[in-house]
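Reading the structure
This is what each chain is made of:
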Amino acid sequence: MLKEAFRSISANKMRTALSMIGIIIGVAAVIAVVSVAEGTSASIRENLSAIGSNLIMVSPGFTRGGGGRVSTSLSDSDLLTKDDADKIVQLCPSVVYVTPLQQGHFIAQYERQNTMSTVLAVYPDIFNMMNLQLAQGEYFTDDDENSRKRVAVIGKEVAEELFPDGDAIGKTIKIASQSTRQNFRVIGVLEKSGTLLFINPDRSIIVPFSAAEQRLFRRSYVSSIVAQASSEEVATQAVNEIDAVMFSKFQDTEKYRIVSQEAMLETVNQTMALLSFMLGSIAGISLLVGGIGIMNIMLVTVTERTREIGVRKAVGANRRHILMQFLLESIILTFVAGIIGVVAGILLSRLVAVVGSIQTAVTPVVVLIAVAISTAVGITFGVFPAMKASKMNPVEALRYE
């Protein structure tokens, strides 16, 4: 029966190829789309994992205005300060590191070279918390923080733009805005890392918090507070402890936000899973169209082979044999088309990765699901033509011209 099915399919190669195109396109589209979504999800997860573990970020919330609108003016009591970070250290035993974070855009200049960069004013603990590695020089220390030394650790891209010759250590750069201009001595250059969550170290200048608080930022509040739980087991407890400290100050949960790394990963996984399902479903419409094409082709095939069906029944074939013969041909068509579609989808996903410079990931599960769906399409849309063939009256079928 299987040999006969292959012989019948190969009898009209052009028709077979055309009937398979819809399935091939559908499977290739599903593979490519889901691989892009999976690759993007994996890339985000890698970035979140690369910045260290068990990180918790506290940021200002929103104050509600009239009519449910968000007020744009915040009082000092509604803002985060360095003192809040110090309280977290004192009152949260599950937290191992805490740093206030001042963040702003400044012009960095060395001799005739200049670039726009992000200045991050933090405690030295930030280097351990975010796994920032040095390419040259050294980190600033607690002594530098306590003595308000104007030293800086700069990102790789900033170093390349300000110091094309590669000699940055010991040089003094100017960090300026419209209202201030301060000199900082470069003591370290970071290795290239790419964007890590809410900052891009490659485009950043990291300086001691005490040296920049009044000289550069000139404000008492901070952009956010970054903390790190002592272990994964106590990460949830650390969040609860920080929440208690923040609530004791604000007495309103809308005035601050606490986001843990674990919550970010969970949100990313949920979002990308939903995105993969949506995009895969859209691409799956091509499989539906391809299935309808298979059914049409099989109906035409049944009509053309009416006399053959009559002869088969006349020599003893029953309805089940005829049904299985045509259903098997439909399954073979869609299975082979599914395999070709998988190969095309993998090639397409690699092309997208190269052209779009994005990460893609083709997983075995997706391949198996795509082939299984294409085969299921063959069964679903092959049943009707096969049943039609099996129900033919042998006498009438033999008379068919």
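Residues numbered from 1 in each chain as written. Predicted model: local features only at pLDDT ≥ 70, side-chain atom pairs only at ≥ 80, totals over all residues. Heavy atoms only, no water.

**Some thoughts on the nonpolar core**
- Counting 44 residues, the largest nonpolar core has I154, I173 and I205 as its most contacted members.
- It is helix α8 (residues 235-250) that provides the largest number of residues to this core, a total of six residues.
- Beyond its immediate stretch of four places on either side in the chain, I205 contacts A108, S117, T118, V119, L120, A152, V153, I154, V158, I173 and I175.
- I23, I294, L327 and V367 belong to the second-largest nonpolar core, a separate cluster that totals 25 residues. (Core = buried A, V, L, I, M, F, W, Y, C linked by side-chain atoms within 4.5 Å. Buried < 20%, exposed > 50% of the residue type's maximum accessible area, 1.4 Å probe, protein only. Helix = DSSP H or I, 4+ residues; strand = E, 2+ residues; numbered from the N terminus. Contact = heavy atoms within 4.5 Å.)

**Focus on the packing of helix α11 (residues 319-356) against helix α12 (residues 364-390)**
- Packing of α11 against α12 brings their axes to within 7 Å, and their N-to-C directions diverge by 150 degrees. Compared by their axis directions, α11 and α12 come out roughly antiparallel. The interaxial crossing formed by α11 with α12 has right-handed handedness.
- Of the residues belonging to the contact of α11 with α12, the class tally is 16 nonpolar, eight polar and one charged. (Axes fitted to C-alpha atoms, helices over the stretch in contact; angles between N-to-C directions. Parallel < 35°, antiparallel > 145°, perpendicular 65-115°, else oblique. Left-handed = near helix turned anticlockwise from the far one by under 90°. Nonpolar A, V, L, I, M, F, W, Y, C, P; charged D, E, K, R; others polar.)

**A few points about α12**
- If you check α12, its first and last C-alpha atoms are 37 Å apart, about what 27 residues at 1.5 Å a residue would give, namely 39 Å.
- G382 marks where α12 bends most, by close to 40 degrees; the proline P385 follows one to four residues later. (Expected span 1.5 Å × (residues − 1). Bend = angle between axes of the 7 residues up to and from the residue.)

**Some details on the pattern of salt bridges**
- The full count for this structure, using the stated rule, is eight salt bridges.
- Taking the shortest distance from any N to any O, the salt bridge between D202 and K192 comes out at 3.9 Å. Separated by ten residues along the polypeptide, D202 in the loop between β9 (181-190) and β10 (204-208) and K192 in the loop between β9 and β10 bring together distant segments of the chain.
- By relative accessible area, K192 is classed as exposed at 56%.
- One salt-bridge network, held together by shared partners, links E157, E161, K192, D202 and R203. (Salt bridge = Lys/Arg side-chain N within 4 Å of Asp/Glu carboxyl O.)

**As for the confidence of the model for the protein**
- For the protein, per-residue confidence averages 81 on the pLDDT scale, and residues scoring 70 or more make up 86% of the total.
- Ranking the elements of the protein by mean pLDDT puts strand β3 (residues 70-71) last, at 42, and strand β7 (residues 151-154) first, at 95.
- Segment residues 65-73 is flagged for pLDDT under 50; beyond a separation of four residues in sequence, or across chains, it makes nine contacts in the model. (pLDDT = per-residue confidence, 0-100.)

**As for the side chain of T334**
- Note that T334 resides in helix α11.
- With a relative accessible area of 0%, T334 lands in the buried category.
- Polar contacts involving the side chain of T334 include one to the main-chain carbonyl oxygen of I331, which spans 3.0 Å.
- If sequence neighbours within four positions are ignored, T334 has contacts with I23, I294, S374, T375, V377 and G378. (Polar contact = N/O pair within 3.5 Å; in protein donor to acceptor, adjacent residues only side chain to side chain.)

**Observations regarding the packing of aromatic side chains**
- In this structure the tally under the stated criterion is six aromatic pairs.
- Between the aromatic rings of F127 and F140, the centroid separation amounts to 5.1 Å while the plane-to-plane angle is 70 degrees, which identifies the pairing as edge-to-face. Taken together, the residues span a long stretch of sequence, with F127 in helix α4 (residues 126-129) and F140 in the loop between β6 (134-137) and α5 (142-146) at a distance of 13 residues.
- A relative accessible area of 4% places F127 in the buried class.
- We classify F140 as buried; its relative accessible area is 2%.
- One aromatic cluster is present, formed by F127, Y139 and F140 through successive ring pairs. (Phe/Tyr/Trp six-rings, centres within 6.5 Å; stacked < 30°, edge-to-face > 60°.)

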